[in-house]
Amino acid sequence: MIRRMDAETLTAVYNNSMKTTFPRMELKPLKAMLRMQADGCYDVWGYYSDAGELLAYACVCNVSTPVLLDYLAVVENHRGEGLGSIFLGALMSDKSLYPAMMLEIEAVSAAEDAADREKRARRLRFYEKLGFVLTRTEAHVFGEHYWVLDNQSELGDHDVNDAMTDVYHYMVRNPLVNKKFVRVQTREDTALS
């Protein structure tokens, strides 16, 4: 069962799962996530067992079309069971909720070593199996290099660039910080390695 999380549940998931699941440099401050949720621009979803146990969660920033899947994770003791695919597939199937979705992954080409490169490539394959396609849009955010994927192949690069720019203007509200630490652009080359 999928249900929306309130601020209290988001806080618990953040402290008990997100802090250990996501790299520190990639995890937004809880305060920022709660602000966006209170604004109505950040949907936080939980995927629960019939007994009410949290199995997976997702955070979606909805200030643009396509929306940005900001975080997706399966809780640690249920990883490898296919729940991430089931959960994301269910979120994507309700086109009245999110007609189009995009997401960022760490650029495979920016991997630190062979193990990191394989982890990033595995993540890319996971999303491609669910119907996402790699766009030519990339983002450089607070020192991290991301590739952008989207599940609506009929959208052009320009639409994805605009949507990512809108998302980051919303998330990083200080224009000076945004200008210094956020860059969304179209890759000029097609080489991804």
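This structure is a prediction, so every number in the text was calculated from the model and none was measured.

### Overview of unusual backbone geometry
Each neighbour pair has its own omega, and for Thr 65 with Pro 66 the value is 5°, a cis peptide bond. Tracing the backbone shows Pro 66 in the loop between strand S3 (54-61) and strand S4 (67-74).

### Things to note about helix H1 (residues 7-21)
Considering bend angle alone, the principal kink of H1 is centred on Tyr 14 and spans about 45°. Those residues of H1 that fall on the buried side of the exposure criterion are Leu 10, Val 13, Tyr 14, Ser 17 and Met 18. Where the residues of H1 are buried, they touch helix H2 (30-39), strand S2 (42-48), S3 and S4.

### Considering the layout of surface pockets
Space inside the largest pocket adds up to approximately 1,300 Å³. If you list the elements that add at least two residues to the lining of the largest pocket, you get H2, S4, helix H3 (83-93), strand S5 (101-106), helix H4 (114-129), strand S7 (144-150) and helix H5 (157-171). Grouping the constituent residues of the lining of the largest pocket by class yields 23 nonpolar, 6 polar and 14 charged.

### Some remarks on the sheet that holds S2
Across the sheet, which stays open at both edges, the 8 strands sit in the order S1-S2-S3-S4-S5-S7-S6-S8 with mixed pairing between neighbours. With partners counted over all chains shown, the strands left at the sheet margins are strand S1 (2-4) and strand S8 (182-186), one partner each. Each strand of the sheet is rotated relative to its neighbour by a mean of 30°, with strand direction disregarded. Against the sheet, H1 engages S2, S3 and S4, with an angle of about 100° to S3. Sitting on the sheet, H2 is in contact with S2, S3 and S4, with an inclination near 100° to S2.

Calculation notes
- Residues numbered from 1 in each chain as written.
- Predicted model: local features only at pLDDT ≥ 70, side-chain atom pairs only at ≥ 80, totals over all residues.
- Heavy atoms only, no water.
- Helix = DSSP H or I, 4+ residues; strand = E, 2+ residues; numbered from the N terminus.
- Bend = angle between axes of the 7 residues up to and from the residue.
- Buried < 20%, exposed > 50% of the residue type's maximum accessible area, 1.4 Å probe, protein only.
- Contact = heavy atoms within 4.5 Å.
- 1 Å grid on protein atoms, 1.4 Å probe; cavity = no way out; pocket = protein on both sides within 12 Å on 5 of 7 lines; lining within 4 Å.
- Points joined across faces, edges and corners; volume = space filled by probe spheres on them.
- Nonpolar A, V, L, I, M, F, W, Y, C, P; charged D, E, K, R; others polar.
- Pairing = 2+ DSSP bridges.
- Axes fitted to C-alpha atoms, helices over the stretch in contact; angles between N-to-C directions.

Keep in mind these values describe shape, not function.
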